[in-house]
Amino acid sequence: MVAEVTFFILSALALGSAVMVITRRNPVHSALWLIVTLFSVGGVFLILRAPFLFAVQIILYVGGIMVLIIFVIMLVSVDVSGRQQQFSRQWLVGLTTVLILAAELGYALYRGSKGFLLARSAPAAALENNTQAIGTALYQNYMLPVEIASILLLVAMVGAVLMAKRKME
Amino acid sequence: MLQNVLQFLNDHYLILATIKILIVFAVLLGIVAYLVLMERKVLAFMQARLGPMRVGPWGLLQPIADGLKLLLKEDIVPAGADKFIFLLAPVISIIAAFTVFAVIPFGPPDKGFVISDINIGLLFILAVSSLGIYGIILGGWSSNSHYPLLGALRSSAQLVSYEVAAGLAVIGVLLCANSLSMVEIVKNQQAAGIWNVFRQPVAFIIYLIAAVAETNRNPFDLPEAESELTAGFHTEYSGFRFALYFMAEYTAMVLVSAIAVTLFWGGWLRPFASVHWLNFLDYTPVVVFLGAGVVVILGSIKNPVPGEKLFLFAVAGLCFFLAVVVAIPPVNAWIQGVFWFVAKVMVFLYAFIWYRGTFPRYRYDQLMNVGWRVMIPVGLANIIVTAVVIYWWSKPHAAAAATLLFR
């Protein structure tokens, strides 16, 4: 009961702050609301008894990526971007796409409404070795895919550095 | 009666946790207040001065006077500031600093000195302490002023870089302990009979340097380098909001010291905990309180002001009373862990002040060079070496690796 109420509060918080992210004019405010969204999603992970994912969510997204985003935003003059007109000219196309997507999602939800269940939290015993289980899965059972993914990321990083360096010269 | 109370607290663990949190919070506030006085005093002695002497004997009541002064000062918000964020930023800083103490084991868990022992303790610490950076960035940005913005930019770059180094250092400990729980890490050191500082000396040095950098203390206090940036990110803050930043900085100092003690210096364990003929060390708390009482008595005899004389006699009386109390065997056994923990933390706090008194400030490019070109590669090498050694020492793997290599 407590878990369900908390789940709904956190979900509402996540969705509400996500709406705030795209409606704020000030990019720093948007970034702050995005942090609230990420935190709420982290809370949902905790309710589902996935503490490791909660910690990683906060360390990676809130502590790492969002810091870098805010770091960049701070260098942009916020006053200018606040006074500018909306610079998306294809709003008609955008609106159509959104409506089609909403219709699709609505139809899918309608069709599946009989089997529609909230995500079940893992049994209490799973809490004990959550971190170890993820470690075993990533570094023993699925070692090759993980290594491939990490090499891809490394290549992307090296590429970004190379491009930035060439521009400076 | 006492049985009933204990049973009730056992059933309602939230109440017990709340009580513990309040106690830890109050004690921390006291420590932080007196840490400021200690810093001023120690720095003064290093520079052949006396330090604060006016408020109370030896300036002992100075923290109270400072607190009152900051509370009563006018709270100024700059005209061009983003008001909501300006008000929010110091609160983020201080919440991030205090929250982490929830998973620090101050003493053995069976004696009730742990608020919560969670499976992901170490990750929780990394996660929450990385939020402190928002207090600095947002405070600097929302002030809408040049010096704070520059200070905030510097500080976010510095904190992000050194967080990586600290994280890498922590992984070495994690490999040794086989657990992310802070309690398990200390218990592992007890079982191994050796503190992690001797098993992971490289990791300890990296963590120590990164900890100083992450708390923005000398020699890495570039975010608030006063000769270049006035006061860095908190230039525009005044009154109690400034006090919040100040408290957050000193709480973070206590925090990184507590983490260093738990990870590397055996947490609540007594030095030579498994050497039984050194068990007389259990009575060190008694000696410490007796010594403090004697020092205060000697000082009060020389003090000419009657009021202060009385105050010092009262303090000395308290010291002697505490000495008698901790000499009672059950009490002695109960406070054993927390005494050693606090004593070790104090060593680190003294070292922080010592650095400030002795090291010149780094230049910004030097700071980044040390962080990225020295500490991170050394940290990575430490992880690889540790992992290989541990893999080699665990018997079944060693056999498998040997057949793989030499078949």
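About the thresholds
Residues numbered from 1 in each chain as written. Chains lettered and ligands numbered in written order. Predicted model: local features only at pLDDT ≥ 70, side-chain atom pairs only at ≥ 80, totals over all residues. Heavy atoms only, no water. Helix = DSSP H or I, 4+ residues; strand = E, 2+ residues; numbered from the N terminus. Rg over C-alpha atoms; globule rule 2.2 N^0.38 Å. Buried < 20%, exposed > 50% of the residue type's maximum accessible area, 1.4 Å probe, protein only. Contact = heavy atoms within 4.5 Å. Areas by Shrake-Rupley, 256 points an atom, 1.4 Å probe, with all protein chains shown as cover. Lys, Arg positive; Asp, Glu negative; His and termini not counted. Charge placed at Lys NZ, Arg CZ, Asp CG, Glu CD. Expected span 1.5 Å × (residues − 1). Domains from an automatic or database assignment. Buried area = accessible area lost by both parts, 1.4 Å probe. Salt bridge = Lys/Arg side-chain N within 4 Å of Asp/Glu carboxyl O. Nonpolar A, V, L, I, M, F, W, Y, C, P; charged D, E, K, R; others polar. Core = buried A, V, L, I, M, F, W, Y, C linked by side-chain atoms within 4.5 Å. pLDDT = per-residue confidence, 0-100. Polar contact = N/O pair within 3.5 Å; in protein donor to acceptor, adjacent residues only side chain to side chain. Patch = residues over 30% accessible without salt bridge, like charges linked within 9 Å, V, L, I, M, F, W, Y side chains within 5 Å. Phe/Tyr/Trp six-rings, centres within 6.5 Å; stacked < 30°, edge-to-face > 60°.

This next bit is on the overall build of chain B. If you tally the helices and strands in chain B, you get 17 helices and 0 strands. A compact globule built from 407 residues should have a C-alpha radius of gyration of about 22 Å, and chain B, at 23 Å, falls within 12% of that. Counting only C-alpha atoms, chain B reaches 80 × 60 × 50 Å along its principal axes. Every one of the 407 residues in chain B was classed for burial, and the buried ones make up 48%. Of the contacts made within chain B by residues no fewer than 6 positions apart, 77% connect residues no fewer than 24 positions apart. Of the roughly 20,000 Å² of accessible surface on chain B, 73% is carried by carbon and sulfur atoms. Side chains of chain B give 24 positive and 20 negative charges; the mean places of these two sets differ by 8 Å.

This part covers helix H7 (residues 146–177) of chain B. When the terminal C-alpha atoms of H7(B) are compared, their 46 Å separation across 32 residues agrees well with the 46 Å that a helix rising 1.5 Å per residue should span. Just downstream of H7(B) lies Asn178(B), where phi reads positive at about 65°.

Residues and elements named next belong to chain B. If you check the domain split of chain B, you get domain 1 (73–269 + 335–402) and domain 2 (272–327). Taking only C-alpha atoms into account, the centre of domain 1 sits 32 Å from that of domain 2. Residue-level contacts link 4 residues of domain 1 with 6 residues of domain 2. Roughly 530 Å² of surface becomes buried between domain 1 and domain 2 when both sides are summed, with 76% attributable to carbon and sulfur atoms. The largest per-residue losses of area from domain 1 upon contact with domain 2 belong to Gln336, Phe339 and Trp340, which jointly make up 63% of the total buried on that side. Seen at the junction of domain 1 and domain 2, the total is 0 salt bridges. Residue composition of the side of domain 1 that touches domain 2, grouped by class: 3 nonpolar, 1 polar and no charged.

Before going further, it helps to spend a moment on the nonpolar core. All names here are of chain B. Core analysis: the biggest nonpolar cluster contains 111 residues, and Phe101, Ile104, Tyr134, Tyr207 and Leu263 have the highest contact counts within it. A total of 14 residues in this core trace back to one element, the largest contributor, which is helix H12 (residues 239–264). If you look at the next biggest cluster of nonpolar residues, it comprises 6 residues, including Ala323, Val326, Ile335 and Phe339.

Residues and elements named next belong to chain B. Even without being glycine, alanine 48 reaches a positive phi, approximately 55°. Within the fold, alanine 48 resides in the loop between helix H2 (13–46) and helix H3 (62–72). At asparagine 178, a position not held by glycine, the phi torsion is positive, near 65°. Within the secondary structure layout, asparagine 178 lies in the loop between H7 and helix H8 (182–192). A residue is classified by how much of its surface remains accessible, and asparagine 178, at 68% relative accessible area, is exposed.

Predicted coordinates in areas of low pLDDT are best not read in detail. All names here are of chain B. Averaged over all residues, the pLDDT of chain B equals 83, while 94% of them reach at least 70. Mean pLDDT across the elements of chain B bottoms out in helix H17 (residues 395–406) (60) and peaks in helix H10 (residues 201–214) (90). With a pTM of 0.84, the predicted complex shows an ipTM of 0.77.

Listed as interface residues are 23 residues of chain B and, on the opposing side, 25 residues of chain A. Summed over both sides, the interface between chain B and chain A buries roughly 2,000 Å², with carbon and sulfur atoms accounting for 79% of that surface. Seen at the junction of chain B and chain A, the total is 0 salt bridges. Summed over the shared surface of chain B and chain A, the number is 2 residue pairs in polar contact (both at pLDDT 80 or more). Mapped onto the side of chain B that touches chain A, the elements with two or more residues apiece are helix H5 (121–129), helix H6 (132–142) and H7 of chain B. With 7 residues, the single largest contributor to the side of chain B that touches chain A is H7(B). Broken down by class, the residue content of the side of chain B that touches chain A amounts to 18 nonpolar, 3 polar and 2 charged.

On to a nonpolar patch on the surface. All names here are of chain B. A surface patch of nonpolar side chains, about 620 Å² in accessible area, is lined by Tyr34, Ile64, Leu68, Leu71, Leu72 and Phe240. For the nonpolar patch, the element with the highest residue contribution is H3, accounting for 4 residues. Looking at the secondary structure, you find phenylalanine 240 in helix H12. Its relative accessible area of 36% is what places phenylalanine 240 among the partly exposed residues.

The subject of this paragraph is the pattern of salt bridges. All names here are of chain B. With the rule as written, the count across this model stands at 5 salt bridges over all chains. In this structure, arginine 356 and glutamate 39 form a salt bridge, with 3.0 Å as the shortest nitrogen-oxygen distance. Of this pair, arginine 356 sits in helix H15 (residues 329–358) while glutamate 39 is found in helix H2, placing the two residues 317 residues apart along the sequence. Through salt bridges that share partners, Glu39, Arg217, Glu249 and Arg356 make up one connected network.

Glancing now at the domain arrangement of chain A. Assigned domains within chain A: domain 1 (1–85) and domain 2 (130–169). Here the C-alpha centre of domain 2 of chain A lies 24 Å away from the C-alpha centre of domain 1 of chain A.

Glancing now at the packing of aromatic side chains. Two numbers describe a pair of aromatic rings. These are the distance of the centres and the angle of the planes. Residue and element names in this part refer to chain B. In total, this model carries 21 aromatic pairs over all chains according to the counting rule given. On the numbers, 5.9 Å between centres and 40° between planes, the contact of tyrosine 207 with phenylalanine 264 is tilted. Pair noted here: tyrosine 207 is in helix H10 and phenylalanine 264 is in helix H12, with a separation of 57 residues, a long-range link. Summarising the burial analysis for this pair, tyrosine 207 and phenylalanine 264 share the class buried. By the ring-pair criterion, three or more aromatic residues cluster together here, those being Trp195, Phe204, Tyr207, Phe264, Trp265 and Phe348.

What follows deals with the environment of Pro57(B). Residues and elements named next belong to chain B. Positionally, proline 57 belongs in the loop between H2 and H3. Take proline 57: its relative accessible area is 3%, and that puts it in the buried class. With 255 residues separating them in the primary sequence, proline 57 and leucine 312 have C-alpha atoms 7.6 Å apart. Sequence-distant contacts of proline 57, defined by excluding residues within four places in its chain, comprise Asn303, Glu308, Phe311 and Leu312.

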